[in-house]
Amino acid sequence: MSDTDLKAKPRAKAQAERPRLYKVILLNDDFTPRDFVVTVLKAVFRMTEGEALGVMLTAHRKGACVVAVYTKEVAETKANQATEFGRSRGYPLTFTTEREE
Ligand code: TYC
């Protein structure tokens, strides 16, 4: 067997990397009405009434709640849309994004 036979072959193709994911996080505040938070969660994040109620109550009790996980652009677009929905009604309702580890 010659030297060249023992050399590792270069990889045919590097594996495509998975895109990083970003969490959308709902923050509690003292002013936005509970039913409005539920309405926003249903409209922007396509949640059922029960899912939206659960997320709203977790944020209300613990201060914040993860709403969903998306690629960066989708997470930022939805967080901005949902926050803007609240602002358009004069509420401080806030959604942020955070990169997943
Ligand atoms: N804490 C608000 C209230 O008592 C309701 C609320 C819940 C607001 C969750 C924001 O992310 C939130 N009216």
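Provided above is the structure to which this section pertains.
These numbers were taken from a predicted model, which means no experiment stands behind them. (Residues numbered from 1 in each chain as written. Predicted model: local features only at pLDDT ≥ 70, side-chain atom pairs only at ≥ 80, totals over all residues. Heavy atoms only, no water.)

The full set of residues close to the ligand is Leu26, Leu27, Asn28, Asp29, Thr32, Arg34, Val37, Met56, Ala59 and His60. Between a nitrogen atom of the ligand and a side-chain N or O atom of Asn28, the distance comes to 2.8 Å. Take Asp29: an N or O atom from its main chain is 2.7 Å from a nitrogen atom of the ligand. With 3 residues, the top contributor of residues to the shell around the ligand is helix H3 (residues 49-62). For the shell around the ligand, the class distribution of residues is 5 nonpolar, 3 polar and 2 charged. (Near = heavy atom within 4 Å. Polar contact = N/O pair within 3.5 Å; in protein donor to acceptor, adjacent residues only side chain to side chain. Helix = DSSP H or I, 4+ residues; strand = E, 2+ residues; numbered from the N terminus. Nonpolar A, V, L, I, M, F, W, Y, C, P; charged D, E, K, R; others polar.)

Through backbone hydrogen bonds, the strands of a sheet pair up, either in parallel or in antiparallel fashion. Spatial ordering of the open sheet is given by S2-S1-S3, a layout of 3 strands whose pairing is antiparallel. Since the sheet does not close on itself, it has two edges, and those belong to strand S2 (64-71) and strand S3 (94-99), each with one partner. Taken pair by pair, the neighbouring strands of this sheet meet at an average axis angle of 30°, ignoring direction. Bridge count between strand S1 (residues 21-27) and S3: 6 bridges; the pairing is antiparallel. Residue pairing for S3: Tyr22 is matched across the bridge by Arg99. (Pairing = 2+ DSSP bridges. Axes fitted to C-alpha atoms, helices over the stretch in contact; angles between N-to-C directions.)

Further remarks concern the nonpolar core. Membership of the largest hydrophobic core comes to 24 residues, with the highest contact counts inside it found for Val24, Leu26, Leu41, Phe45, Val67 and Phe95. If you list the elements that add at least two residues to this core, you get S1, helix H2 (34-45), H3, S2 and helix H4 (72-88). Looking at this core element by element, the count peaks at 7 residues for H2. (Core = buried A, V, L, I, M, F, W, Y, C linked by side-chain atoms within 4.5 Å. Buried < 20%, exposed > 50% of the residue type's maximum accessible area, 1.4 Å probe, protein only.)

This part takes up the pattern of salt bridges. Pairs can form between side chains of opposite charge whenever their charged atoms are close. According to the stated counting rule, one finds 3 salt bridges in the structure shown. Measuring nitrogen to oxygen at the nearest pair gives 3.4 Å for the salt bridge that ties Lys23 to Glu98. Pair noted here: Lys23 is in strand S1 and Glu98 is in strand S3, with a separation of 75 residues, a long-range link. Using a relative accessible area of 41% as the deciding quantity, one classes Glu98 as partly exposed. Between Lys42 and Glu49 there is a salt bridge whose closest N-O contact spans 2.4 Å. Residue classification places Lys42 among the partly exposed positions, given a relative accessible area of 32%. For Glu49, a relative accessible area of 43% translates into the label partly exposed. (Salt bridge = Lys/Arg side-chain N within 4 Å of Asp/Glu carboxyl O.)

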